[in-house]
Amino acid sequence: MIDPSSLDLQMMGRALELAAKGLYTTKPNPRVGCVIARDTEIVAEGWHRQAGKAHAEIEALDVAGDRARGADLYVNLEPCCHMGRTGPCAPALADAGVRRVVIAMEDPNPKVSGNGIKALKEAGIDVTVGPRANAARELNEGFVLRMEKGRPLVRVKLAATIDGRTAAADGSSQWITSTEARQDVHHWRAASAAVVTGIGTVTADDPRLNARLDSDLVQPIRVVLDGNARLDPGAALFQVDGPVLVVTAGEQDGDAYGFDARTELINLQGDDGRVDLAALVMELGGRGCNDILVEAGAGVAGAFAARDLVDEYLLYLAPDLLGSGGRGMFELRGIRNLVDRIPLEIQEVQQLGRDLRLRLRPVRRS
């Protein structure tokens, strides 16, 4: 006889595995997986594939059919109770005769936020909340931030040598890191709703900034910080599909620059005459972006760091030395002594080819 709490953890682990299948496709929606079981037997599974398509619970119910009646349902996020692009899930679970619903975490969306749980209980369904809550929150951390604070999760990605150089003294930087490390970057692009870079990086490297994986995915918005609207309409990022957002620090006429229809120009000028990065983060949150990836040079990376806008750093380090003539990772002119430093905590270290990937998070000062 399996302990019921252990069974809950086991089934919720499977629900989370299913939810992760939507890592690249559900934006702006959260990633959700669902398992329907009778004791230890899984009778149906489902996961949310893309915004506008069936939610995980509905997909699982469709597979289960009559076998859902009297069964237990496991889902990593509270079932919705409001009408969106698809119908509400909580009433569907009651109609299907589900006996018990196990939920990893409450939905932070104010349109749900406990109301789905309430609706299930009012329908006579036994509800358990909490198994694998931390893992569920981590999977949808950007969505949670957007629902609670209106902003996405911000990651800054940089590739450098072990002595912290992103380019040689002559400016050459392709390629500092290995094929394996560069392939990993495409995973983070695909998982992000927007990729942010600066006009300096576009001019120097002419990147496409799209996600190139052998997998179904929704391409991120490519965002270019271009204070004076100098972006060349012939740049490589216009040669592949996907929207482009050009952010300037002044009123500009997009038509005058020859941008195509999928390119939008907005002005987010700050008090210092430059692009207001905090306003940009909130703007992207308002556009439904849960996770954004900043891939830029030392100036933009340092500006995000100095303004305390970074939730996570992805640092790819190659085991090479470029010396003091090489370019650094961050421009942080305001740091004059150890007291002013930005403290980070290492979350994960992984080897990719000959390189290391460090995931670090800022230590928030009280």
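Below, the structure is looked at part by part.

Here we look at the overall build of the chain
Logical step 1: Helices and strands together make up the secondary structure of the chain, namely 10 helices and 14 strands.
Logical step 2: At 23 Å, the chain has a C-alpha radius of gyration in line with the 21 Å of a compact globule built from 366 residues.
Logical step 3: Taking the principal axes of its C-alpha atoms as reference, the chain extends roughly 70 × 45 × 40 Å.
Logical step 4: Out of the 366 residues belonging to the chain, those deemed buried represent 51%.
Logical step 5: Here the chain has roughly 17,200 Å² of accessible surface; of this, 47% comes from carbon and sulfur atoms.
Logical step 6: Separation between the mean location of the 43 positive side-chain charges and that of the 51 negative ones in the chain comes to 2 Å.

So, the nonpolar core
Logical step 1: One finds Ile36, Leu73, Tyr74, Val101 and Leu120 to be the most contacted residues of the largest nonpolar core, which totals 42 residues.
Logical step 2: Counting residues per element, this core draws most heavily on helix α1 (residues 4–19), at 7 residues.
Logical step 3: Setting aside residues up to four positions removed in sequence, leucine 73 forms contacts with Cys34, Val35, Ile36, Glu57, Leu93, Val98, Arg100, Val101 and Val102.
Logical step 4: Membership of the second largest hydrophobic core comes to 37 residues, among which are Ala303, Ala305, Met329 and Leu358.

Quick word on the sheet that holds strand β4 (residues 100–103)
Logical step 1: Read from one edge of the open sheet, 5 strands run β2-β1-β3-β4-β5, paired in mixed fashion. What marks the edges here is a single partner per strand, and that holds for β2 (41–47) and β5 (126–129). Shown here is a sheet whose adjacent strand axes are inclined to one another by a mean of 15°, direction ignored.
Logical step 2: Two strands pair when backbone bridges link them, and β4 and β5 are joined in this way by 4 bridges, in the parallel orientation. The partner of isoleucine 103 across the bridge, within β5, is valine 129.
Logical step 3: In this fold helix α4 (residues 115–122) packs onto β4 and β5, with an angle of close to 150° to the strand it touches most, β5.

Quick word on the side chain of aspartate 226
Logical step 1: By secondary structure assignment, the location of aspartate 226 is in the loop between β8 (221–225) and β9 (244–248).
Logical step 2: Although buried, aspartate 226 forms no salt bridge, and the nearest oppositely charged side chain, arginine 230, lies 4.3 Å from it.
Logical step 3: Among the polar contacts listed, one links the side chain of aspartate 226 to the backbone nitrogen of arginine 230, at a separation of 2.6 Å.
Logical step 4: A polar contact of 2.7 Å, which involves the side chain of aspartate 226, links it to the backbone nitrogen of leucine 231.
Logical step 5: When sequence neighbours within four positions are dropped, the list of residues in contact with aspartate 226 reads Ile199, Leu231, Val246, Val247, Thr248 and Ala249.

Some details on unusual backbone geometry
Logical step 1: The linkage connecting lysine 27 with the following residue, proline 28, adopts the cis geometry, with an omega of 5°.
Logical step 2: Mapped onto the fold, proline 28 is located in the loop between α1 and β1 (33–38).
Logical step 3: With phi around 60°, arginine 132 is a residue other than glycine that occupies positive phi space.
Logical step 4: Topologically, arginine 132 is positioned in the loop between β5 and α5 (133–139).

Side note on the packing of aromatic side chains
Logical step 1: Under the criterion given, the structure shown has 1 aromatic pair.
Logical step 2: Between the aromatic rings of tyrosine 313 and phenylalanine 330, the centroid separation amounts to 5.8 Å while the plane-to-plane angle is 80°, which identifies the pairing as edge-to-face. Taken together, the residues tyrosine 313 in strand β12 (residues 312–318) and phenylalanine 330 in the loop between β12 and β13 (344–352) connect sequence positions 17 residues apart.
Logical step 3: A relative accessible area of 4% means that tyrosine 313 is categorised as buried.
Logical step 4: Exposure remark for phenylalanine 330: the relative accessible area of 28% places this residue in the partly exposed category.

Cut-offs applied
Think of each chain on its own: its residues are numbered from 1, step by step along the sequence as written. Local features in a predicted model are, by the rule used here, given only for residues with pLDDT of at least 70; side-chain atom pairs are given and counted only at 80 or more, and totals for whole chains, interfaces and linings are based on all residues. The basis for every side-chain value is the complete set of non-hydrogen atoms in the structure, without hydrogens or water. The helix and strand labels rest on DSSP assignments: H or I over at least four residues marks a helix, E over at least two residues marks a strand, and numbering proceeds from the N terminus. For a compact globule the rule gives 2.2 Å times the number of residues to the power 0.38, and the radius of gyration it is set against comes from C-alpha atoms. The cut-offs for exposure are 20% and 50% of the maximum accessible area for each residue type, with area from a 1.4 Å probe on protein chains only; residues under the lower value are buried, those over the upper are exposed, and the others partly exposed. For every accessible area listed, the method is Shrake-Rupley and the probe measures 1.4 Å; residues are considered covered only by the protein chains on display. Counted as positive: Lys and Arg. Counted as negative: Asp and Glu. His and the chain ends are not counted at all. The location of each charge is read from NZ of Lys, CZ of Arg, CG of Asp or CD of Glu. The term nonpolar core refers to a set of buried residues drawn from Ala, Val, Leu, Ile, Met, Phe, Trp, Tyr and Cys, joined through side-chain atoms within 4.5 Å. Here a residue-residue contact requires only that any non-hydrogen atoms of the pair lie within 4.5 Å. Any two strands between which DSSP finds at least two bridges are classified as paired. Lines are fitted to the C-alpha atoms to define the axes, a helix being fitted only along its stretch in contact, and any angle between axes, read from their N-to-C directions, falls within 0 to 180 degrees. Whenever Lys or Arg places a side-chain nitrogen within 4 Å of a carboxyl oxygen from Asp or Glu, that contact is recorded as a salt bridge. Between N or O atoms, a polar contact is any pair within 3.5 Å; within protein, one atom must be a potential hydrogen donor and the other a potential acceptor, and residues adjacent in sequence are included only when both atoms are from side chains. Only Phe, Tyr and Trp rings are paired, with Trp represented by its six-membered ring, and only when their centres lie within 6.5 Å; those with planes under 30 degrees apart are stacked, over 60 edge-to-face, the remainder tilted.

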